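Residue-level listing of the chains:
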Amino acid sequence: MILGDYLAGEYRSELELFRAALDSVPDEQFYAAPLSHSPAWHALHVADWLRLMVVDDRTPNYHYLGWEDSERVRALATQPAPLDDTAPRAEIMARLGQIGTQVGDFLTGKDEAALDGEVFSAATASGTRPRLTALGMQLRHVAYHRGQVQLGKKSR
């Protein structure tokens, strides 16, 4: 199996689970932030990180990375966000779906050599990290935020 095909399948699965968690949040709670962020914010946050670290999209309209106090991240936010976390739920979910499709399209058919290289990192001294490391981290990152959405439902 080609590595990119495997990863595309793993991302599709995890994003389906994340979307199911978001879909299980009642409408009146989608914009509420019981712990620290709303489910709407979590959806845009995951979409932004996937777009940046998997697809390597450098469009400077990132506003939901969660590192907004970092100079590197502020440089990625020179344009308005495509959506904010008060946008209609259907638009937020469509955005997440669109980015998920881009992730699958980007990964499909790529072998290990094609997935080599570096991507942006807010947390490293160099400002980059190996793409393969980032791909694993972002997959776990989606799962983490799925858990945060579920936890938020329980804290109400």
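Since the model is a prediction, treat every value here as computed from it, not as a measurement.

The rules behind each value
Residues numbered from 1 in each chain as written. Predicted model: local features only at pLDDT ≥ 70, side-chain atom pairs only at ≥ 80, totals over all residues. Heavy atoms only, no water. Helix = DSSP H or I, 4+ residues; strand = E, 2+ residues; numbered from the N terminus. Rg over C-alpha atoms; globule rule 2.2 N^0.38 Å. Buried < 20%, exposed > 50% of the residue type's maximum accessible area, 1.4 Å probe, protein only. Contact = heavy atoms within 4.5 Å. Core = buried A, V, L, I, M, F, W, Y, C linked by side-chain atoms within 4.5 Å. Salt bridge = Lys/Arg side-chain N within 4 Å of Asp/Glu carboxyl O. Phe/Tyr/Trp six-rings, centres within 6.5 Å; stacked < 30°, edge-to-face > 60°. Axes fitted to C-alpha atoms, helices over the stretch in contact; angles between N-to-C directions. Parallel < 35°, antiparallel > 145°, perpendicular 65-115°, else oblique. Left-handed = near helix turned anticlockwise from the far one by under 90°. Nonpolar A, V, L, I, M, F, W, Y, C, P; charged D, E, K, R; others polar.

1. A closer look at the overall build of the protein
In step 1: Looking only at helices and strands, the protein has five helices and two strands in total.
In step 2: Along its sequence from the N terminus, the protein presents helices and strands in the succession α-α-α-α-β-β-α.
In step 3: Here the C-alpha atoms of the protein give a radius of gyration of 15 Å, agreeing with the 15 Å that 2.2 N^0.38 yields for 156 residues.
In step 4: Judged by the C-alpha coordinates and their principal axes, the protein covers about 45 × 35 × 25 Å.
In step 5: Put simply, the protein has 156 residues, and 44% of those count as buried.
In step 6: Here the analysis covers contacts within the protein between residues at least 6 apart in sequence; of these, 64% occur between residues at least 24 apart.

2. Here's the deal with the nonpolar core
In step 1: Formed by 33 residues in total, the largest nonpolar core has its most connected members in Leu 50 and Leu 107.
In step 2: Elements that contribute at least two residues to this core include exactly α1 (3–23), α2 (39–53), α4 (89–107) and α5 (131–154).
In step 3: Contact partners of Leu 107, with chain neighbours within four places excluded, come to Gly 4, Asp 5, Leu 7, Ala 8, Tyr 11, Val 54, Leu 115 and Leu 135.
In step 4: In terms of nonpolar packing, the next biggest core, distinct from the first, is built from 11 residues, Leu 52, Leu 76, Val 119 and Ala 122 among them.

3. Some remarks on the environment of Leu 139
In step 1: Within the element layout of this structure, Leu 139 appears in helix α5.
In step 2: Beyond its immediate sequence surroundings of up to four residues, Leu 139 is in contact with Glu 10, Tyr 11 and Glu 14.

4. Observations regarding the pattern of salt bridges
For side chains bearing opposite charge, pairing can occur when the charged atoms are close.
In step 1: Overall, the coordinates contain six salt bridges when judged by the stated rule.
In step 2: Arg 89 is the salt-bridge partner of Asp 27, the closest N and O atoms lying 2.8 Å from each other. Here Asp 27, found in the loop between α1 and α2, pairs with Arg 89, found in helix α4; they are 62 residues apart in sequence, far enough to count as distant.
In step 3: Classification of Asp 27 by relative accessible area gives exposed; the value is 57%.
In step 4: With its nearest N and O atoms 3.2 Å apart, the salt bridge here joins Asp 48 to Arg 51. Taken together, the residues Asp 48 and Arg 51, both in helix α2 and three residues apart, mark about one turn of the helix.

5. Examining the packing of aromatic side chains
In step 1: Taken as a whole, this structure holds one aromatic pair when the rule is applied.
In step 2: Here the aromatic rings of Phe 30 and Tyr 31 are separated by 5.2 Å at their centres, their planes lie at 90 degrees, and the arrangement is edge-to-face.
In step 3: Tyr 31 sits in the partly exposed class, given a relative accessible area of 37%.

6. Regarding the packing of α2 against α4
In step 1: Running from N to C, α2 and α4 cross one another at 25 degrees; their axes reach a closest spacing of 9 Å. The angle between α2 and α4 falls in the class roughly parallel. Considering how the two elements wind past one another, α2 and α4 form a crossing that is left-handed. Along its contact with α2, which presents Ala 40, Ala 43, Leu 44, Val 46, Ala 47, Leu 50 and Arg 51, the element α4 presents Ile 92, Arg 95, Leu 96, Ile 99 and Val 103.
In step 2: The class makeup of the residues in the contact of α2 with α4 is 10 nonpolar, no polar and two charged.

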